[in-house]
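Letter by letter, the chains look like this.
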Amino acid sequence: MPYDKDVKELAYTIDPPCWESYSGQSRYFKAVMDDRRNAALKKAQEQIDAVKNRQAERQAQKDRERRTGAHVLEAARSLGWSDDGEGALEFLLRRTREVAIEDCGGSPSR
């Protein structure tokens, strides 16, 4: 499997001795070094993938928060909210409380 340059650079730092020249060494030594190189490459790829996955998760969370924020604003505006100092979420919570109290036959105290 061909690896990207960044994966190879990380693999070099994970196990530096396995990247040294082994010309003139026995076949067994070469095989062991090849196994170490492959293990270092695999570990480097896993680490890079983990970082990319965390970055993607953070971006997805930010996107969800942005969409949720847009829905809160839209809902608050549809109920008559104007940006007069009271936040949209606070407005929705207050209106929900008022409607719940009215539905129970009471009158909102605030």
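Bear in mind that the values here come from a model prediction, so they are computed numbers and not experimental data. Just so you know, the residues in each chain are numbered from 1, in the order the chain's sequence is written. In view of the model being predicted, local features appear only for residues whose pLDDT reaches at least 70, and side-chain atom pairs are presented and counted only at 80 or more, with totals across whole chains, interfaces and linings using the full set of residues. Values shown for side chains rest on all heavy atoms present in the structure; no hydrogens or waters enter the calculation.

Participant: Would you mind showing me how to read the nonpolar core here?
Facilitator: The nonpolar side chains of a soluble globular protein tend to be buried, and buried together. Counting residues in each nonpolar core, the largest one holds seven residues, listed as Tyr 3, Val 7, Ala 11, Ala 40, Leu 41, Ala 44 and Ile 48. Each helix is a run of DSSP H or I of at least 4 residues and each strand a run of E of at least 2, with the numbering of both proceeding from the N terminus. Of all elements in the fold, only helix 1 (5–14) and helix 2 (27–78) reach the threshold of two or more residues within this core. In terms of residues, this core owes the most to one element, helix 2, which gives four residues. Those residues in contact with Tyr 3, other than ones at most four positions away along the chain, are Lys 8, Leu 41, Lys 42 and Gln 45. Buried Ala, Val, Leu, Ile, Met, Phe, Trp, Tyr and Cys residues form a nonpolar core when they are joined through side-chain atoms within 4.5 Å. Burial classes follow relative accessibility: with a 1.4 Å probe on protein chains only, a residue under 20% of its type's maximum area counts as buried, one over 50% as exposed, and anything between as partly exposed. By size, the runner-up hydrophobic cluster in this structure holds five residues, among which are Trp 81, Ala 88, Phe 91 and Leu 92. Here, two residues are considered to be in contact whenever any of their heavy atoms come within 4.5 Å of each other.

Participant: Got a minute to help me understand the environment of Ser 82 in this structure?
Facilitator: Looking at where Ser 82 falls in the secondary structure, it is placed in the loop between helix 2 and helix 3 (88–103). Separated by 11 residues in the primary sequence, Ser 82 and His 71 have C-alpha atoms spaced 15 Å apart.

So, to be careful, I would describe these as geometric facts and stop short of saying anything about function.
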